[in-house]
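These are the residues of each chain, in order.
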Amino acid sequence: MSITAPQGFTAAGIAAGIKQNGSPDLTLVVNNGPRKAAAGVFTSNRVTAAPVEWTKRVVADGELTAVVLNSGGANACTGPDGRADTAATAHRASQVLDVRPDDVAVCSTGLIGIRLPMDRVLSGIDQACAALSPDGGQAAAIAIKTTDSVHKTAVAHQDGWTVGGMAKGAGMLAPGLATMLVVLTTDADVSAAVLDETLHDAVSVTFDRVDSDGCMSTNDTVLLLASGASTVTPTREVFADAVHTVCADLARQLIADAEGSTKEIRIDVVGAASEHDAVDVGRAIARNNLFKCAIYGEDPNWGRVLSAIGTTDAQFDPHLLNIAINGVWVCKDGAAGEDRGNVDLTGRDVVVTADLAAGRQRATIWTNDLSVTYVHENSAYSS
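Trainee: Tell me what's going on with the nonpolar core, and back it up with residues and numbers.
Mentor: Core analysis: the largest hydrophobic core is formed by 44 residues, its most contacted members being Leu26, Val67, Leu69, Met166 and Leu223. A total of 5 residues in this core trace back to one element, the largest contributor, which is helix 3 (residues 118-131). With near-sequence residues (within four places) excluded, leucine 223 lies in contact with Ala39, Gly40, Phe42, Thr55, Leu64, Val67, Ala105, Cys107, Val182, Val183 and Leu184. In this structure, Leu184, Leu195, Ala202 and Val243 belong to the second largest nonpolar core, which totals 33 residues.

Trainee: Can you tell me about the packing of helix 1 (residues 50-58) against helix 2 (residues 79-97), naming the residues and giving the values?
Mentor: In the contact formed by helix 1 and helix 2, the axes pass within 8 Å of each other and the chain directions differ by 50°. Relative to helix 2, helix 1 is oriented oblique. Crossing hand, helix 1 versus helix 2: right-handed. Contacts between helix 1 and helix 2 involve Ala50, Pro51, Glu53 and Trp54 on the former and, on the latter, Gly82, Arg83, Thr86, Ala87, Ala90 and His91. Taken together, the residues of the contact of helix 1 with helix 2 break down into 5 nonpolar, 3 polar and 2 charged.

Trainee: Pulling in residues and values, what's your account of the side chain of serine 371?
Mentor: Secondary-structure assignment places serine 371 in the loop between strand 15 (361-368) and helix 10 (372-380). Among residues more than four places away in sequence, those in contact with serine 371 are Gly260, Ser261 and Tyr296.

Trainee: Describe the packing of aromatic side chains, listing the residues and the values that go with them.
Mentor: Inspection of the entire model under this criterion finds 1 aromatic pair. Taking 5.8 Å as the distance between ring centres and 45° as the angle between the ring planes, the aromatic pair formed by tryptophan 161 and phenylalanine 239 counts as tilted. Placement of tryptophan 161 in the loop between strand 6 (152-157) and strand 7 (162-168) and of phenylalanine 239 in helix 6 (residues 236-256) is noted, with a sequence separation of 78 residues between them. There is no split in this pair, since tryptophan 161 and phenylalanine 239 are both buried. The ring of tryptophan 54 is capped by arginine 57, whose NZ or CZ atom sits 4.7 Å from the centre of that ring.

Trainee: If you had to explain the sheet that holds strand 4 (residues 66-71) to someone new, which residues and values would you point to?
Mentor: Taken together, the 4 strands give an open sheet; going across it, the order is 1-2-4-5, and neighbouring strands pair in mixed fashion. Two strands lie at the open edges of the sheet, namely strand 1 (9-14) and strand 5 (104-109), each paired on one side alone. Looking at each pair of strands side by side, their axes are set apart by 10° on average, direction ignored. One ladder, built from 5 bridges, connects strand 2 (residues 26-31) with strand 4; its direction is antiparallel. Looking at the pairing, threonine 27 lines up with leucine 69 of strand 4. Lying over the sheet, helix 2 contacts strand 2, strand 4 and strand 5, oriented at roughly 130° with respect to strand 5.

Trainee: Before we move on, could you go through the environment of leucine 28 and cite the residues and values that matter?
Mentor: Within the secondary structure, leucine 28 is located in strand 2. Remark: the alpha-carbon pair of leucine 28 and tryptophan 161, spanning 133 residues in sequence, is separated by 22 Å. Beyond its immediate sequence surroundings of up to four residues, leucine 28 is in contact with Thr10, Ala11, Ala12, Ala66, Val67, Val68, Leu97, Ala128, Cys129 and Leu132.

Trainee: Please set out the pairing of strand 12 (residues 328-332) residue by residue, giving values where relevant.
Mentor: Alignment of strand 11 (residues 322-325) against strand 12, held across 3 bridges, turns out to be antiparallel. Bridging from a neighbouring strand, isoleucine 323 pairs with cysteine 331 of strand 12. As paired strands, strand 12 and strand 13 (residues 335-336) are joined by 2 bridges and run antiparallel to one another. What sits directly across from cysteine 331, in strand 13, is alanine 336. Linking strand 12 back to strand 13 in an antiparallel pair, the connection comprises 2 residues, with aspartate 333 at a positive phi of about 55°.

Definitions and cut-offs
- Residues numbered from 1 in each chain as written.
- Predicted model: local features only at pLDDT ≥ 70, side-chain atom pairs only at ≥ 80, totals over all residues.
- Heavy atoms only, no water.
- Core = buried A, V, L, I, M, F, W, Y, C linked by side-chain atoms within 4.5 Å.
- Buried < 20%, exposed > 50% of the residue type's maximum accessible area, 1.4 Å probe, protein only.
- Helix = DSSP H or I, 4+ residues; strand = E, 2+ residues; numbered from the N terminus.
- Contact = heavy atoms within 4.5 Å.
- Axes fitted to C-alpha atoms, helices over the stretch in contact; angles between N-to-C directions.
- Parallel < 35°, antiparallel > 145°, perpendicular 65-115°, else oblique.
- Left-handed = near helix turned anticlockwise from the far one by under 90°.
- Nonpolar A, V, L, I, M, F, W, Y, C, P; charged D, E, K, R; others polar.
- Phe/Tyr/Trp six-rings, centres within 6.5 Å; stacked < 30°, edge-to-face > 60°.
- Lys NZ or Arg CZ within 6 Å of the ring centre and 35° of its normal.
- Pairing = 2+ DSSP bridges.

Have a look at this one:
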């Protein structure tokens, strides 16, 4: 049930006709309380879509009752008309749910620069409201898909309370979130301040460390809503662990479904002087197209990893760098190590370990290979 696994939430996903192919394309998530606490994290792209601008404003007071999400159009770079369309979406939801417009978040995903068919969006909200159900989590997750091949959900059950989540995203996955929409729900009785701190901490080490193709979207949004329906107030540590678990699960699903990918690559940077250095090195490797092409071709070309590390400002001695690919230390002390022929890259999972030999800090970045299918999909499909 994902987002409706926690008590106090209903959801629906319907086909409103926004997508020309008739697939589900509009989702409604409602927090029935008694608490209506909420927090959000958004894209760091300076070009932001109208729904992001709206939702940033309405979640600022720490309260949300509902979220309307549509696929089939990003409503980004659509000017004043696009901003008016977002407001109209929130107002329609507020009317059918009998809540304030400022308690309704709006999220959109799809093609940039084209206005939404608002007659279909507004009538779709009516349909979605009529279809709201405690069992509507799966339908809600399906209706936010774009190039996703599968819908993405996750749940963490705790002692008397639950965290659930859904996500969409299969490309433009880069720090500052991804071309993704995520809604997380919990029936734990926690304040908006706790939600905000917990969400930012979880996102920083999960979604922000997914780096599929180095591209950043205009619409990225992660929302966390709390109903308090369980009446259980967990400790911050326990609550943070549950939210992190769900975010990490969804982040892995994003990489697994990355456009055209044939390999899921985990980059573990160890021995760094600082966590910042470890993250920078991991990102540099993840964004190196030569390395990603090599992995697609099942070539354990450790030289491309080394050259990527060298583009960063991280502290290290080039003559002390060590690289392992799927457990084989192909580079030791900045030179050839064990026989690269011993590296098995035939499976989908690849682990690259970069030891900077400069300290004790570490970080993990997730990426994928660069395939022919990725190039085709992003040339044949207007994204």
